[in-house]
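# Report on the structure
Chain residues, written in single-letter form:
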Amino acid sequence: MRVKLINKSHHPAPSYATSGAAGMDLRANLSEPLVLGPFERCLVPTGLFIELPKGYEAQIRPRSGLALKHGISLPNSPGTIDSDYRGELKILMINLSHEPFTFHDGERIAQMVIARHEVVEWELVTEIDETTDRGTGGFGHTGRD
């Protein structure tokens with residue numbers, strides 16, 4: 001699939017690291033290092049602008065290495081970029097560690113996965129089929145809590 005991209009950063013366009021990768025790394029586009037204190041949140045610019053086809057979204061996900069090694073994640077994971085959004089992709093980051101973390105220009109900060117989605121048309125009814133194996137069982141119903 002082809003997606004229009006404006007790259008105002010001086011970094012390469014997002015790409016897949018391997019032939020089996022689902023996500024593309026997004027890089028910080030910073031004029032100076034950005035320090036994120038413990039339990040703080042911030043938006044990290046990428047310098048990227050995309051035009052997704054209708055019926056698609058870009059999912060923004062944490063990088064596992066940053067999460068494991070430094071406690072850096074996304075508080076709204078996965079974040080969603082809608083097909084009609086035309087602004088710069090900025091990544092909402094959170095520092096879940098007890099130490100400050102410094103983002104540097106060009107650092108890989110998140111992954112982007114392009115996914116198809118459906119548009120729902122609600123059918124208003126008074127009853128739904130509850131004859132399933134789960135029925136109305138909620139949290140912890142199917143096994144370990």
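See the structure printed just above.
Attention here is on the structure that accompanies the text. Being a predicted model, the structure only gives us computed values, none of them experimental. (Residues numbered from 1 in each chain as written. Predicted model: local features only at pLDDT ≥ 70, side-chain atom pairs only at ≥ 80, totals over all residues. Heavy atoms only, no water.)

### Some remarks on the sheet that holds strand E4 (residues 41-45)
Taken in spatial order, the three strands line up as E4-E9-E7 in an open sheet, and their pairing is antiparallel. In this open sheet, the two strands that pair with only one neighbour each are E4 and strand E7 (72-73). As judged from the two bridges shared by E7 and strand E9 (residues 90-95), these two strands associate in the antiparallel manner. Note on E9: the bridge partner recorded for Ile72 is Asn95. (Pairing = 2+ DSSP bridges. Helix = DSSP H or I, 4+ residues; strand = E, 2+ residues; numbered from the N terminus.)

### Looking at the packing of aromatic side chains
If you walk through the whole model with that rule in mind, you get one aromatic pair. The interplanar angle of 75 degrees and the centroid separation of 5.0 Å between the aromatic rings of Phe101 and Phe103 together place this pair among those described as edge-to-face. Here the guanidinium or amino end of Lys8 rests over the ring plane of Phe49, the centre of that ring lying 4.9 Å away. (Phe/Tyr/Trp six-rings, centres within 6.5 Å; stacked < 30°, edge-to-face > 60°. Lys NZ or Arg CZ within 6 Å of the ring centre and 35° of its normal.)

### A closer look at the environment of Pro100
Topologically, Pro100 is positioned in the loop between E9 and strand E10 (101-103). The exposure class of Pro100 is exposed, given its relative accessible area of 53%. Linking Pro100 and Trp122, residues 22 residues apart in sequence, is a C-alpha distance of 46 Å. Discounting chain neighbours no more than four positions away, the residues touching Pro100 are Val35, Leu36, Gly37, Pro38 and Asn95. (Buried < 20%, exposed > 50% of the residue type's maximum accessible area, 1.4 Å probe, protein only. Contact = heavy atoms within 4.5 Å.)

### Topic: the pairing of E9
Pairing of E4 with E9 involves five bridges; the strand directions are antiparallel. The residue of E9 that forms the bridge with Pro45 is Lys90.

### Overview of the side chain of Arg63
Position of Arg63 relative to the elements: it lies in the loop between strand E6 (56-62) and helix H1 (64-70). When its relative accessible area of 16% is taken as the criterion, Arg63 is described as buried.

### A few points about the pairing of E6
Burial runs high along E6: five of the seven residues are buried. Across seven bridges, E6 lies against strand E11 (residues 108-116) in antiparallel orientation. Opposite Pro62, over in E11, you have Ala110 as the bridge partner. For E6 and strand E8 (residues 79-81), the ladder comprises three bridges, and the chain directions are antiparallel. Within E8, the position partnered with Gln59 by the bridge is Thr80.

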